[in-house]
Amino acid sequence: MFDDAKIEHAVRMILEAIGEDPDREGLQETPARVARMYREIFYGLAEDPELHLAKTFSEDHDEMVIVKDIPLYSVCEHHLLPFYGKAHVAYIPRKGNVTGLSKLARVVDGFARRPQLQERLTSQIADSIMKRLKAHGVLVVIEAEHMCMTFRGVKKPGSKTVTSAVRGVLHKHQATRAEAFALIKD
């Protein structure tokens, strides 16, 4: 899937295009390093994050499950600059069908590790949990700082973008949704 030689060639061309000498000592290995980095940071392109939710357990629990403050690192598809922050994932199991807590973090990583938009990322996580776990409801909140807003453009360091995706009973019932948001905020 990844074409390291093509990435290396492209990086070399970018270095030349900005007026750098890709053969100078400090840049000689940069194209290969960038190719390895892209393979690492975009590993989500080579996997189906939903598969992490295939393993479930039967547990007599039909109340909300929340994993908060999941570290998140992604790359904005508009400028290929990083955005980073944290994801909060809440779901209400159906018929005691629960998944391992680490699996929720793996789903976040799997979708985050590809060129992304925060809005799409939030929805992809929520939709995959709804679909694979057949949950009563799902709520996903992502808070992230985008380098395309802090390092370039408007240059507003510290600004955060917050997105949410709410599905099922968490969308339909205001009190349940309010409980989830309150628990995430604490």
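Residues numbered from 1 in each chain as written. Predicted model: local features only at pLDDT ≥ 70, side-chain atom pairs only at ≥ 80, totals over all residues. Heavy atoms only, no water.

Engineer: In this structure, what is going on with the overall build of the chain? I would like to understand it.
Structural biologist: For the chain, the helix and strand inventory stands at seven helices and seven strands. Put simply, the chain runs from its N terminus to its C terminus through helices and strands in the order α-α-β-β-β-β-α-β-α-β-α-β-α-α. Taking the principal axes of its C-alpha atoms as reference, the chain extends roughly 65 × 35 × 20 Å. The proportion of buried residues among the 186 residues of the chain is 37%. (Helix = DSSP H or I, 4+ residues; strand = E, 2+ residues; numbered from the N terminus. Buried < 20%, exposed > 50% of the residue type's maximum accessible area, 1.4 Å probe, protein only.)

Engineer: Honestly, the side chain of Thr-150 in this entry has me stumped. Any pointers?
Structural biologist: On the secondary structure map, Thr-150 appears in helix 5 (residues 147–150). Ignoring sequence-local partners within four residues, the contact set of Thr-150 consists of Glu-145, Lys-155, Lys-156, Pro-157, Gly-158 and Ser-159. (Contact = heavy atoms within 4.5 Å.)

Engineer: What am I meant to see in the sheet that holds strand 5 (residues 115–116) here?
Structural biologist: Strands belonging to one sheet form pairs held by backbone hydrogen bonds; the direction of such a pair is parallel or antiparallel. Pairing in this open sheet of five strands is mixed, and the strands run 5-2-3-6-7 from one edge to the other. Bordering the open sheet on either side are strand 5 and strand 7 (161–168), each of which pairs with just one other strand. As defined by bridge partners, strand 3 (residues 82–92) adjoins strand 6 (residues 137–146) across 10 bridges and the pair is classed as antiparallel. Each residue of the ladder has a partner; that of Lys-86, found in strand 6, is Glu-143. (Pairing = 2+ DSSP bridges.)

Engineer: Whenever I open this one, the state of the cysteines confuses me. Can you help?
Structural biologist: A covalent bond between the sulfur atoms of two cysteines is referred to as a disulfide. Summed over all chains, the structure comprises zero disulfides. With no disulfide partner, Cys-76 has as its closest neighbouring cysteine sulfur the one in Cys-148, 4.1 Å distant. Judged by its relative accessible area of 6%, Cys-76 is buried. Overall, Cys-148 belongs to the buried group, its relative accessible area being 12%. (Disulfide = S-S within 2.5 Å.)

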